[in-house]
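Fold and contact review
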Amino acid sequence: MTPNLYLFLNAELSNNNYNEIYPNLIFKLKYSLYNENFETCLSKYEKQLNLDFTPIPKSQYNPYQNSLRMTDQEIYDDLKSLHDNYNIILITENAQVVIKSLKQYFPKTFSYLYHKVIDLDSIRLLFSINNHNYTRKHDYEYSSEYNIDEIKYYLNKIK
């Protein structure tokens, strides 16, 4: 059986008000790729996409495409050497929205992910409930940095 790597993707998404053609486009990417036991961070990546969200007619050149294509290639290259030997499992917030954006705008990157996703929102909700602190579960603070120990504990619980 192929071992797993865990790709922790922190993606900031555009809101839906820019342009219906580009809903939920990821405009800032930050990820860490961990080995199966979370002992080693194999790679880190961070990029702000400089995208102009001014609506343009469909028939005209799309100024987003070059930036998106270049970013897709960079991430693809980063994952390429690991892909043949590992399943790369995506762990992210807003997982369904991020998956939709990856499929649409970063198809090369998406092709390298083992199509299993762990939604951090669900993990955090579960931890909140398991802590039996029902009065505070809606006050849970979301952090831009992942608590690797917490997620490692959760993944071990569900294996």
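To be clear, the structure that these remarks concern was listed above.
What counts and how
- Residues numbered from 1 in each chain as written.
- Predicted model: local features only at pLDDT ≥ 70, side-chain atom pairs only at ≥ 80, totals over all residues.
- Heavy atoms only, no water.
- Buried < 20%, exposed > 50% of the residue type's maximum accessible area, 1.4 Å probe, protein only.
- Helix = DSSP H or I, 4+ residues; strand = E, 2+ residues; numbered from the N terminus.
- Arc of directions from axis to C-beta.
- 1 Å grid on protein atoms, 1.4 Å probe; cavity = no way out; pocket = protein on both sides within 12 Å on 5 of 7 lines; lining within 4 Å.
- Points joined across faces, edges and corners; volume = space filled by probe spheres on them.
- Core = buried A, V, L, I, M, F, W, Y, C linked by side-chain atoms within 4.5 Å.
- Contact = heavy atoms within 4.5 Å.

1. Re helix H2 (residues 95-105)
Where H2 is concerned, the buried positions are Ala95, Val98, Ile99, Ser101, Leu102 and Tyr105. Buried residues of H2, viewed axially, fall in a sector of 165°; they line one side. With respect to the buried face of H2, the exposed residues turned more than 90 degrees away are Gln96 and Lys103.

2. What about empty space enclosed by the protein?
Per the stated rule, a full pass over the model turns up one cavity of 30 Å³ or more. In this structure, the largest cavity encloses a volume near 40 Å³. Taken together, Leu7, Leu9, Leu29, Tyr31, Ile75, Leu102 and Thr109 make up the lining of the largest cavity. Contributions of two or more residues to the lining of the largest cavity are made by strand E1 (4-13) and strand E2 (26-34).

3. Concerning the nonpolar core
Within the largest apolar cluster, 26 residues are counted, with the highest numbers of intra-cluster contacts made by Leu7, Leu9, Leu29, Leu79, Leu102, Phe106 and Leu113. Looking at this core, the elements with two or more residues in it are E1, E2, helix H1 (64-83), strand E4 (87-92) and H2. Looking at which element gives the most residues to this core, the answer is H1, with five residues. Beyond its immediate sequence surroundings of up to four residues, Leu113 is in contact with Leu7, Leu79, Ile88, Leu90 and Leu102. Listed in part, the 14 residues of the second largest apolar core include Tyr6, Phe38, Leu120 and Ile123.

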